[in-house]
Amino acid sequence: MPESQRYNETVMDHFMNPRNVGEIKDADGIGLAKSSDHGDTMKLFIKVNNDVIVDAKFKTFGCGAAIASSSITTEMVKGKTIKEALELSNMDVIDALGGLPPSKIQCSVLAEEVLRAAIEDYRKRKTGNEETGVSVGCSGDCGRCKTK
Amino acid sequence: MDKKIIYLDHAATTYTDPEVVRAIEPYFTEKFYNPSSLYTPARDVAHAVKHARSTIAKWIRANNDREIIFTASGSEGDNAAIFGIANANRDKGRHIITSAVEHPAVLETVEGMKRFGFDHTILPVDKFGMVDPNTVRDAIRDDTVLITIMLANNEVGTIQPIKEIGRIARERGVYFHTDAVQAVGSVPIDVHEMNLDALTMAAHKLYGPKGVGALYLRDGVAFDSLIKGGHQENGKRAGTHNNPGIVGLAKAVDLAYSNMQENNERIIRLREKLINNILENIPDVILNGHPTKRLPNNTNFCFKYIDSEAILLHLDMLGVCASSGSACSSGTGDPSVVLKAMGIPPEVARGSLRMTLGKDTTDDEIDFVIKNLIGIVGKLRDMSPLVD
């Protein structure tokens with residue numbers, strides 16, 4: 001593997017010691033995002049109190065970068081208001097990780113998508129005029145998000 | 001980092017055996033001469049190259065030394081065989097038959113032959129990665145000039161029914177090449193019994209140096225050299241002889257076949273221990289490849305619901321070197337084409353792990369890997385959304 005494909009220490013730390021793995025039984029929002037080409041799957045659970053994300057947990061099927069992106073995303077959203085969380089982009093995930101190999105940028109996009117999906121699910125539940133349940137994010141590779 | 005390394009990626013490459021290193025050392029220094037030169041010191045080197053040729057010819061039961069052409073790699077051997085035989089025989093026909101599980105050195109070359117007007121058929125494989133000889137028979141057309149099917153697969157280790165395919169090829173008058181890069185040294189080769197017209201090998205898979213290989217080409221097969229220039233190798237491969245490489249290849253082949261039975265017995269016992277323990281202790285695991293018709297050193301599994309890169313990173317932290325499949329595709333994230341051809345769904349293929357043992361692999365190493373793999377798979381599955 002070329003050197004540019006290797007992970008830095010922060011990524012490896014989040015991969016080896018992922019934060020907030022698991023599920024929240026009484027979650028206020030659950031998001032699911034799946035990449036169409038490689039099958040990476042992220043599931044994000046959020047607990048919201050007074051419009052502030054007070055807890056977040058994840059489950060991810062994917063490579064080291066996918067797991068690290070999920071892990072750091074849960075850390076980044078905790079304590080943020082819904083509005084602030086929606087401002088998070090995949091670039092913020094990459095920056096927080098200190099960079100990702102070029103071929104792994106898509107993993108950060110998936111993390112952004114799963115966050116949006118969880119927030120969308122939270123909003124649906126809150127307004128109560130739509131069916132609650134898991135909200136599915138986009139494919140993670142439509143190209144709309146910034147991928148450097 | 002003085003962490004102990006457990007190397008289980010011998011299908012990617014092997015270290016050079018110290019005995020081989022000793023044999024080749026003089027050819028870097030006092031025996032540096034160009035064997036094509038006239039003077040006396042060069043004649044000794046020419047003799048060593050000739051001796052290397054005979055040694056390899058003997059172990060694969062070739063008729064004579066002339067049938068061994070030295071190359072710079074397994075990839076070169078595959079390229080040279082496919083281009084060389086097909087192009088030289090283009091008046092007989094322009095159709096090539098290969099299989100879906102070939103190494104890229106074969107598949108890409110066959111694909112590339114389109115530029116020269118050659119059409120091809122890619123044969124499917126069964127769930128074990130095996131080619132059915134009947135499909136070969138059915139695929140042969142009047143204009144088929146070459147069949148190229150590997151002896152043993154680099155990812156899943158499945159050994160193809162080469163003898164049967166060779167018999168069909170010979171009956172129909174079609175040339176037959178096999179990529180034996182993974183098999184030479186651990187599988188006995190008899191080019192006559194296997195009805196082979198050409199065979200590719202590489203030294204670095206059998207404790208020889210990197211950058212050298214050989215192509216067996218049966219006498220009388222028309223051949224168009226890929227590398228043109230000087231008249232080395234009877235005009236079949238130009239380029240000054242790589243004396244140390246050639247001597248090293250022959251030494252490695254000689255050592256491998258002289259000790260094959262003993263080494264294979266040990267390695268197969270350890271392989272079975274690894275396979276059985278993983279299948280017994282980890283749920284939702286598939287053993288890829290044929291249960292018995294496989295290379296002595298190959299294991300390849302799919303761990304459902306998790307990704308192979310994640311497994312490999314964990315193993316790497318423990319000093320265990322393994323692979324997701326072929327070394328060439330590691331890191332691309334693309335599921336293996338070999339596993340796909342075997343009918344394994346992409347999401348399952350994502351969890352593939354290839355561990356290939358070597359002649360120095362120990363019981364302790366295998367025990368360590370089994371113990372830790374159980375934990376790694378468990379940890380990754382705990383965080384997988386695909387597990388209920």
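What counts, and at which threshold
- Residue positions are given per chain, counted from 1 along the sequence in the order it is written.
- The order in which chains are written sets their letters, starting at A; the order in which ligands are written sets their numbers, starting at 1.
- Local features in a predicted model are, by the rule used here, given only for residues with pLDDT of at least 70; side-chain atom pairs are given and counted only at 80 or more, and totals for whole chains, interfaces and linings are based on all residues.
- With hydrogens and water set aside, each side-chain value is computed from the structure's full complement of heavy atoms.
- Salt bridge, as applied in this entry: a Lys or Arg side-chain nitrogen positioned within 4 Å of an Asp or Glu carboxyl oxygen.
- In DSSP terms, a helix is any run of H or I states spanning at least four residues, a strand is any run of E spanning at least two, and both are numbered starting from the N terminus.
- Think of it in three bands: with a 1.4 Å probe and only protein chains considered, a residue is buried below 20% of the maximum accessible area for its type, exposed above 50%, and partly exposed in between.
- Marked domain ranges trace back to an automatic or database domain assignment.
- Note on contacts: a residue pair qualifies if any of its non-hydrogen atoms lie within 4.5 Å across the two residues.
- Throughout, the accessible surface (probe 1.4 Å) given up by two parts as they are put together, summed over both, is called the buried area.
- Each Phe, Tyr or Trp ring, with Trp reduced to its six-membered ring, pairs with another whose centre is within 6.5 Å; inter-plane angles below 30 degrees give stacked pairs, above 60 give edge-to-face pairs, and intermediate values give tilted ones.
- Criterion for a charge above a ring: Arg CZ or Lys NZ at most 6 Å from the ring centre, at most 35 degrees from the ring normal.
- Pairs of N or O atoms within 3.5 Å make up the polar contacts considered here, provided that, within protein, one atom can donate a hydrogen while the other can accept it, and that residues adjacent in sequence are counted only when both atoms are side-chain atoms.
- Definition used in this section: a nonpolar core is a set of buried Ala, Val, Leu, Ile, Met, Phe, Trp, Tyr and Cys residues joined via side-chain atoms within 4.5 Å.
- Three classes are used, and their members are as follows: Ala, Val, Leu, Ile, Met, Phe, Trp, Tyr, Cys and Pro are nonpolar, Asp, Glu, Lys and Arg are charged, and the others, Gly among them, are polar.
- Here the rule is simple: two strands pair whenever DSSP picks up at least two bridges between them.

(A) Spotlight on the pattern of salt bridges. Tallying each qualifying case throughout the model produces 35 salt bridges over all chains. We note a salt bridge from Glu309 of chain B to Lys104 of chain A, for which the minimum N-O separation is 2.7 Å. One end of the pair, Glu309 of chain B, is in helix α9 (residues 308-317); the other, Lys104 of chain A, is in the loop between α4 (90-96) and α5 (105-127), on a second chain. Just as Glu309 of chain B is buried, Lys104 of chain A falls in that class too. The partner of Asp119 of chain B in a salt bridge is Arg141 of chain B, with the nearest N and O atoms 3.1 Å apart. Residue Asp119 of chain B is located in strand β4 (residues 119-123), and its partner Arg141 of chain B is located in the loop between α5 (133-139) and β5 (144-148); the two are separated by 22 residues in the primary sequence. With relative accessibility at 36%, the residue Asp119 of chain B sits in the partly exposed group. A residue is classified by how much of its surface remains accessible, and Arg141 of chain B, at 33% relative accessible area, is partly exposed. Because the salt bridges share partners, they merge into one network encompassing Arg269, Lys273, Asp363 and Asp367 of chain B.

(B) Examining the domain arrangement of chain B more closely. Residues and elements named next belong to chain B. Assigned domains within chain B: domain 1 (6-14 + 259-380) and domain 2 (18-258). The straight-line distance from the C-alpha centre of domain 1 to that of domain 2 is 27 Å. Every contact between the two is made by 29 residues of domain 1 and, on the other side, 33 residues of domain 2. Sorting the residues of domain 1 by area buried against domain 2 places Thr14, Met260 and Leu295 first, and these three jointly supply 24% of that buried surface.

(C) How the structure looks around the packing of aromatic side chains. The full count for this structure, using the stated rule, is six aromatic pairs over all chains. Their ring planes at 70° and their centres at 6.2 Å tell us that Tyr33 of chain B and Tyr39 of chain B sit as a pair that is edge-to-face. Of the residues examined, Tyr33 of chain B reaches a relative accessible area of 22% and is grouped as partly exposed. Given a relative accessible area of 45%, Tyr39 of chain B falls into the partly exposed group. Seen in terms of ring centroids, Phe83 of chain B and Phe116 of chain B are 5.4 Å apart; in terms of plane orientation they differ by 65°. Their pairing is edge-to-face. Of the two residues, Phe83 of chain B is situated in helix α3 (residues 74-88) and Phe116 of chain B in the loop between α4 (104-112) and β4; the sequence distance between them amounts to 33 residues. Phe83 of chain B gets classed as buried once you look at its relative accessible area, which sits at 11%. With relative accessibility at 32%, the residue Phe116 of chain B sits in the partly exposed group. Taken together, Phe32, Tyr33 and Tyr39 of chain B form an aromatic cluster joined through their ring pairs. In this structure, Arg350 of chain B is placed above the aromatic ring of Phe61 of chain A, and the distance from its NZ or CZ to the ring centre is 5.2 Å. The ring of Tyr207 of chain B is capped by Lys359 of chain B, whose NZ or CZ atom sits 4.3 Å from the centre of that ring.

(D) Representation of α9 of chain B. Counting buried positions along α9 of chain B yields eight of 10 residues, so the element is predominantly enclosed. Those residues of α9 of chain B hidden inside the fold are in contact with α1 (9-16) and α2 (64-77) of chain A together with β10 (298-303), β11 (320-321), β12 (352-356) and α12 (363-382) of chain B. For α9 of chain B, the N-terminal cap is Asp307 of chain B; the gap from its side-chain oxygen to the backbone nitrogen of Glu309 of chain B is 3.2 Å.

(E) Molecular detail of the nonpolar core. Judged by nonpolar contacts, the single largest core of 68 residues is most densely connected at Phe303 and Met355 of chain B. With nine residues, the top contributor of residues to this core is α5 of chain A. Among residues more than four places away in sequence, those in contact with Phe303 of chain B are Ile278, Ile282, Asp284, Val285, Ile311, Gly351, Leu353, Leu373, Val377 and Arg381 of chain B. If you look at the next biggest cluster of nonpolar residues, it comprises 66 residues, including Val49, Ile97, Ala203 and Leu295 of chain B.

(F) Focus on the interface of chain B and chain A. Counting from both sides, the interface comprises 22 residues of chain B and, opposite them, 24 residues of chain A. Taking both sides of the interface into account, the surface hidden between chain B and chain A amounts to around 1,900 Å²; carbon and sulfur atoms contribute 63%. Sorting the residues of chain B by area buried against chain A places Arg350, Met383 and Pro385 of chain B first, and these three jointly supply 32% of that buried surface. Here chain B is connected to chain A by three salt bridges. Between Glu347 of chain B and Lys34 of chain A there is a salt bridge, with the nearest N and O atoms lying 2.7 Å from each other. Inspection of the chain B/chain A interface yields eight residue pairs in polar contact (both at pLDDT 80 or more). Looking at the side of chain B that touches chain A, the elements that each hand over two or more residues are α9 and α12 of chain B. Sort the elements by how many residues they give to the side of chain B that touches chain A and α9 of chain B lands first, with five residues. For the side of chain B that touches chain A, the class distribution of residues is 10 nonpolar, five polar and seven charged.

(G) Layout of α1 of chain A. Taken together, the buried positions of α1 of chain A are occupied by Val11, Met12, His14, Phe15 and Met16 of chain A. The inward-facing, buried residues of α1 of chain A abut α2 of chain A together with α9 and α12 of chain B. N-cap assignment for α1 of chain A: the residue whose side-chain oxygen lies 2.9 Å from the backbone N of Thr10 of chain A is Asn8 of chain A.

(H) View of the pairing of strand β7 (residues 198-202) of chain B. Residue and element names in this part refer to chain B. In terms of residue burial, β7 counts as a mostly covered element, since five of its five residues are buried. Neither face of β7 is left uncovered, since the one carrying Ala198, Thr200 and Ala202 and the one carrying Leu199 and Met201 both have all their residues buried. Bridge count for strand β6 (residues 175-179) against β7 is three bridges, and the pairing is parallel. The residue of β7 that forms the bridge with Asp179 is Thr200. Across five bridges, β7 lies against strand β8 (residues 213-217) in antiparallel orientation.

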